[in-house]
Amino acid sequence: MLDIKNLTPSIERLPKLQALRILVLTGAEDLTCSEGGFPQLRALHLLLFRARFIVKEGGMPLLTHLQFNKPENFIAPGRLKQLITNNAS
């Protein structure tokens, strides 16, 4: 079992990561994307059951596709919240 809290800081710095799928079945620890995190990420698919995914301002600057099971668990700046509306239609 991976310690998900320590995984996010490691993978958010991968310079060529363009797509990511995260599945968190247990635990309630939040995942955080820091400012400048995931610089090349374009697609994110989240399946979170208790944890929240929090994106700081300046994180995921190239994200264009977002899919998730619980919108209330995705906390992000306005530009990323706009993706929720755009991808839902």
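Residues numbered from 1 in each chain as written. Predicted model: local features only at pLDDT ≥ 70, side-chain atom pairs only at ≥ 80, totals over all residues. Heavy atoms only, no water.

Q: Describe the overall build of the protein, listing the residues and the values that go with them.
A: On a plain count of helices and strands, the protein comes out with two helices and six strands. Of the regular secondary structure in the protein, the N- to C-terminal order runs α-β-β-β-β-β-β-α. Within the protein, the proportion of its 89 residues that are buried is 34%. Here the protein displays about 5,300 Å² of accessible surface, and carbon together with sulfur accounts for 57% of that area. (Helix = DSSP H or I, 4+ residues; strand = E, 2+ residues; numbered from the N terminus. Buried < 20%, exposed > 50% of the residue type's maximum accessible area, 1.4 Å probe, protein only. Areas by Shrake-Rupley, 256 points an atom, 1.4 Å probe, with all protein chains shown as cover.)

Q: Which residues make up the pattern of salt bridges, and what values do they have?
A: All chains considered together, the criterion is met by two salt bridges. Notably, a salt bridge pairs Glu12 with Arg13, separated by 3.7 Å at the nearest N-O pair. Its relative accessible area of 5% is what places Glu12 among the buried residues. Note that Asp30 is salt-bridged to Arg52, the shortest N-O span being 2.6 Å. Here Arg52 lies in the loop between strand S3 (43-48) and strand S4 (53-55) and Asp30 lies in the loop between strand S1 (19-24) and strand S2 (31-33), a separation of 22 residues in the sequence. The class of Asp30 is partly exposed, set by a relative accessible area of 23%. (Salt bridge = Lys/Arg side-chain N within 4 Å of Asp/Glu carboxyl O.)

Q: Now, about the sheet that holds strand S6 (residues 74-75): what can you tell me, with residues and values included?
A: Taken together, the three strands give an open sheet; going across it, the order is S2-S4-S6, and neighbouring strands pair in parallel fashion. Here the strands that pair on one side only, and so sit at the sheet edges, are S2 and S6. Where S2 lies against S4, three bridges are found, and the strand directions are parallel. Along S4, the bridge assignment pairs Leu31 with Phe53. (Pairing = 2+ DSSP bridges.)

Q: Got a sec to walk through the sheet that holds S3? Specific residues and values, please.
A: Spatially, three strands are ordered S1-S3-S5 in an open sheet, and the strand pairing comes out parallel. Strands with a single pairing partner mark the edges of an open sheet, and in this sheet they are S1 and strand S5 (65-68). On average, adjacent strands in this sheet sit at an angle of 5 degrees to one another, irrespective of strand direction. (Axes fitted to C-alpha atoms, helices over the stretch in contact; angles between N-to-C directions.)

Q: Describe in detail the environment of Pro61, supporting the description with residues and values.
A: Looking at the secondary structure, you find Pro61 in the loop between S4 and S5. Each C-alpha atom of the pair Pro61 and Glu35 lies 9.4 Å from the other, and the pair is 26 residues apart in sequence. Non-local contacts of Pro61, meaning those with residues more than four positions away in its chain, are made with Gly37, Phe38, Pro39 and Arg79. (Contact = heavy atoms within 4.5 Å.)

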